[in-house]
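Results of the structural survey
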Amino acid sequence: MKVKLPKELRGVRFPQILPIEMNDFDIDLLLPLLFFSILAEGRGRARIPNDPRAIDVYINKLSQHPAVEGFSGPQEQRLLERLVRTALITTGQIGRKHEDEQITSIVTYSLLSHKPGFPKEASRLRSADLFLYQALRSYMGSNQKLREFFKEIFGRGVKLGKAGELGGEYDGVTEVDTLTRLSLAFLDGFESVRPGLSREKNADLGACPGLIHQLAADLVQYMLAYQKTMPLPAFIHHLLILINFELFIYTLKVVYAVNTLVEQPESLPPAMRQPLEPSPPALYVDFTGQRGPSQEMAHACVRRDIEAYQSFLSANLLLRQLHSYVEQLQRNPRRRVIIERVLGDKTTGPLYLQGLLALREQGGIQNDIEAQARNDIDKIYEANRDPEDPENPLATKPLDELLASTESDLDGLVTLLKESQRDATQQFAKWYWSTGGLTRDEGLLRGQLKYRSSWHYAPTNDLLAVLVQLAAARLSGSEDGGQSDQGLMPIRLQDFLRFLDERFGLLVDRPPAPFVGAEYIAAAQENLRAMLRRLRQMGIFRDLSDDFTVQRLHPPYAATSMLLSHY
């Protein structure tokens, strides 16, 4: 039986825990809307004046652009269309019948990819663009610094419009590569989307602000270190790989932290503490590519993490409901005094979530919470009664069975909410494999989408290269967030392995719990050798010495990097 819920009890999203909506996600759509959020200082988009279905119209405008010559004939027009479709835009079908085609996104070559307002449906990004804007703004310290930073990284050759209008055009002077110049000419055929209403530009940063700070630091350090040394298409490709990976790790660590907090509310989990500490989970990553103990450990970590996402639904619903009840109770002056004694002036953050859980045991408040939960359970019973025979107990018998084993009314309510919204776990799984890169050529997850038993952690070459680059950027960084005077240097292998473990929880050369014994230790050591063989093939690892303490990795595109910055 599907449990029906009153409208006011539906939903699982709780921004105080996670500002992102976990569902299927396409990283390739991200940058244009992220650029818009940054330039518009968090405001949403007004009406989008461009028709994503009018692909032929925009290609025709490009063929008539003053900077484009030689595409006047039918054959040349077809060639230009193929070029636009392969290099300047991504397209998709419209509706369930797939009867028409539309532009889903502009391929990013500059900051101006925000101009047309595609993708038209911002919901497809699951608020990841707004989340990253808030994270980066918090790290940089102000909207102005963030705007200037992104102009420096992505604004070469671009003259931006006024802050209230956005858009822009080629500055007519700066030398840019051919594809960037062609993209700028193509974007001249679109009207600029203007900023609209506020999109919670000052929203909180969820349950683990320390994790968000580290995520932002990774992205800023990476962009500073490599934007001048890498070809633009390669730089953007690698940056998107990094962002996808960072989103995967961030949400997974939040899931574990919230589950732990609900189970043990007496102390904050490591991911919620300040200063930030290394936090679970440990992800064993396989480089052997063969069946055996190493791949077995990588499979086991995936199964464990999927179970954590399933448990997260209950923990999230509990905190979400407590938040709703406490907001209502604060309207009562006497109850407000008790609540403020526990929560203080906090309305978000890890201490706020911990305080919500503490209020369950607070005299007076506990009884009120239980009463509110009973009232909501009664509403659920009412929604599930047989409309033709409201007194028929058979209609609500499944609810009785679900509540039979619960210890309190609040626990019973959470059980009913979870049962009614089990589809949310499927949405969580879509986010997990989307950000894990399961269906992409690059990512952390490998396996067949339809067979979860095949999923395992096995970084692709592109992701491995990005992780080496990031480790070099972070380990070479100065305390104020810029690059050291020596620039990017080769990094010791043992420092790289330590960075992966402490920053992301990735294990290469030792087995994760609960795997013990000589067999798994030997498999992990062979896994390390397999990673080094791959790095040698990629030109990143060149040492012949067997001395673990002197072996070094050479990050791609770092040879000429000697960057100094005030960021």
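Only a predicted model underlies this, so the values are computations on that prediction, with no experimental measurement involved. (Residues numbered from 1 in each chain as written. Predicted model: local features only at pLDDT ≥ 70, side-chain atom pairs only at ≥ 80, totals over all residues. Heavy atoms only, no water.)

Structural notes on the overall build of the protein chain
In terms of helices and strands, the protein chain carries 18 helices and 12 strands. For the protein chain, the C-alpha radius of gyration of 26 Å lies close to 24 Å, the compact-globule estimate for 567 residues. In terms of overall dimensions, the protein chain has C-alpha extents of about 80 × 60 × 45 Å along its principal axes. When burial is assessed residue by residue, the protein chain has 53% of its 567 residues classed as buried. Accessible surface, the protein chain as shown: approximately 25,900 Å² in total, 47% of it carbon and sulfur. A distance of 3 Å separates the average location of the 66 positive side-chain charges in the protein chain from that of its 71 negative side-chain charges. (Helix = DSSP H or I, 4+ residues; strand = E, 2+ residues; numbered from the N terminus. Rg over C-alpha atoms; globule rule 2.2 N^0.38 Å. Buried < 20%, exposed > 50% of the residue type's maximum accessible area, 1.4 Å probe, protein only. Areas by Shrake-Rupley, 256 points an atom, 1.4 Å probe, with all protein chains shown as cover. Lys, Arg positive; Asp, Glu negative; His and termini not counted. Charge placed at Lys NZ, Arg CZ, Asp CG, Glu CD.)

Digging into the layout of surface pockets
Volume-wise, the largest pocket comes out at about 480 Å³. Taken together, 28 residues make up the lining of the largest pocket; nearest its centre are D28, I236, H237, L240 and R440. In terms of residue count, the dominant contributor to the lining of the largest pocket is helix α8 (residues 232-263) (nine residues). Tallied by class, the residues present in the lining of the largest pocket amount to 16 nonpolar, nine polar and three charged. (1 Å grid on protein atoms, 1.4 Å probe; cavity = no way out; pocket = protein on both sides within 12 Å on 5 of 7 lines; lining within 4 Å. Points joined across faces, edges and corners; volume = space filled by probe spheres on them. Nonpolar A, V, L, I, M, F, W, Y, C, P; charged D, E, K, R; others polar.)

Concerning the pattern of salt bridges
If charged atoms from side chains of opposite charge come close, those side chains can pair. Scanning the model with the defined rule gives 26 salt bridges in all. In this structure, K379 and D376 form a salt bridge, with 3.8 Å as the shortest nitrogen-oxygen distance. With a gap of three residues between them, K379 and D376 both fall in helix α12 (residues 365-384), about one helical turn apart. Given the relative accessible area of 32%, K379 is considered partly exposed. Ionic pairing is found between R422 and E419, a salt bridge with its closest N-O pair at 3.0 Å. When its relative accessible area of 23% is taken as the criterion, E419 is described as partly exposed. (Salt bridge = Lys/Arg side-chain N within 4 Å of Asp/Glu carboxyl O.)

A closer look at the packing of helix α9 (residues 293-329) against helix α18 (residues 518-537)
Put simply, α9 and α18 touch, their axes get as near as 8 Å, and they point 95 degrees apart. On the basis of the axis angle, α9 is roughly perpendicular to α18. Of α18, the residues touching α9 (which contributes P293, S294, E296 and M297) are E519, Y520, A523 and N527. Partitioning the contact of α9 with α18 into residue classes produces four nonpolar, two polar and two charged. (Axes fitted to C-alpha atoms, helices over the stretch in contact; angles between N-to-C directions. Parallel < 35°, antiparallel > 145°, perpendicular 65-115°, else oblique. Contact = heavy atoms within 4.5 Å.)

Thoughts on the packing of helix α4 (residues 128-140) against α8
The N-to-C vectors of α4 and α8 enclose an angle of 90 degrees; their axes lie 13 Å apart at closest approach. As far as their axial angle goes, α8 and α4 are roughly perpendicular. Here A128, F131 and L132 of α4 lie close against α8, whose contacting residues are I243, L247 and Y250. For the contact of α4 with α8, the class distribution of residues is six nonpolar, no polar and no charged.

Here's the deal with the nonpolar core
Buried together is how nonpolar side chains tend to be arranged in soluble globular proteins. Counting 165 residues, the largest nonpolar core has F150, F154, Y226, Y457, F496 and M531 as the members making the most contacts within it. The dominant element in this core, judged by the number of residues it contributes, is α8, at 21 residues. Beyond its immediate stretch of four places on either side in the chain, F150 contacts F35, I38, L111, L136, G155 and M223. Core analysis: the next-biggest nonpolar cluster, separate from the first, contains 25 residues, I55, L62, L80 and Y170 among them. (Core = buried A, V, L, I, M, F, W, Y, C linked by side-chain atoms within 4.5 Å.)

Considerations on the environment of V326
Its place among the elements puts V326 in helix α9. Judged by its relative accessible area of 1%, V326 falls in the buried class. Along the chain, V326 and Q274 lie 52 residues apart, while their C-alpha atoms are 25 Å from each other.

Some details on helix α1 (residues 30-39)
Counting buried positions along α1 yields 10 of 10 residues, so the element is predominantly enclosed. Within α1 the residues assigned to the buried category are L30, L31, P32, L33, L34, F35, F36, S37, I38 and L39.

Concerning the environment of L500
Along the chain, L500 falls in helix α17 (residues 493-504). As a C-alpha pair, L500 and L283 span 217 residues in sequence and 9.9 Å in three-dimensional space. In contact with L500, other than residues within four places in its own chain, are L467, G505, L506 and V508.

Some points on the pairing of strand β3 (residues 100-106)
Among the seven residues that make up β3, five are buried, leaving the element largely enclosed by the rest of the structure. Pairing between strand β2 (residues 89-94) and β3: six bridges, direction antiparallel. Each residue of the ladder has a partner; that of I89, found in β3, is I106. (Pairing = 2+ DSSP bridges.)

Section: the confidence of the model for the protein chain
Averaged over all residues, the pLDDT of the protein chain is 92; the fraction at 70 or higher stands at 93%. The low-confidence segment residues 560-567 (pLDDT under 50) makes 29 contacts with residues lying over four places distant or belonging to another chain. (pLDDT = per-residue confidence, 0-100.)

A short note on unusual backbone geometry
For the bond running from P280 to P281, omega is 10 degrees, close enough to zero to count as cis. By the secondary structure assignment, P281 is in the loop between α8 and β7 (283-284). P514 follows A513 through a cis peptide bond whose omega is 10 degrees. As for its placement among the helices and strands, P514 is situated in the loop between β11 (506-507) and α18.

Some details on the side chain of S127
Checked against the element boundaries, S127 lands in the loop between β3 and α4. Side-chain polar atoms of S127 contact the side chain of R13, separated by 3.2 Å. The residues contacting S127, other than those within four sequence positions of it, are R13 and P19. (Polar contact = N/O pair within 3.5 Å; in protein donor to acceptor, adjacent residues only side chain to side chain.)

Some details on the side chain of Q321
Note that Q321 resides in helix α9. The buried category is assigned to Q321, whose relative accessible area is 4%.

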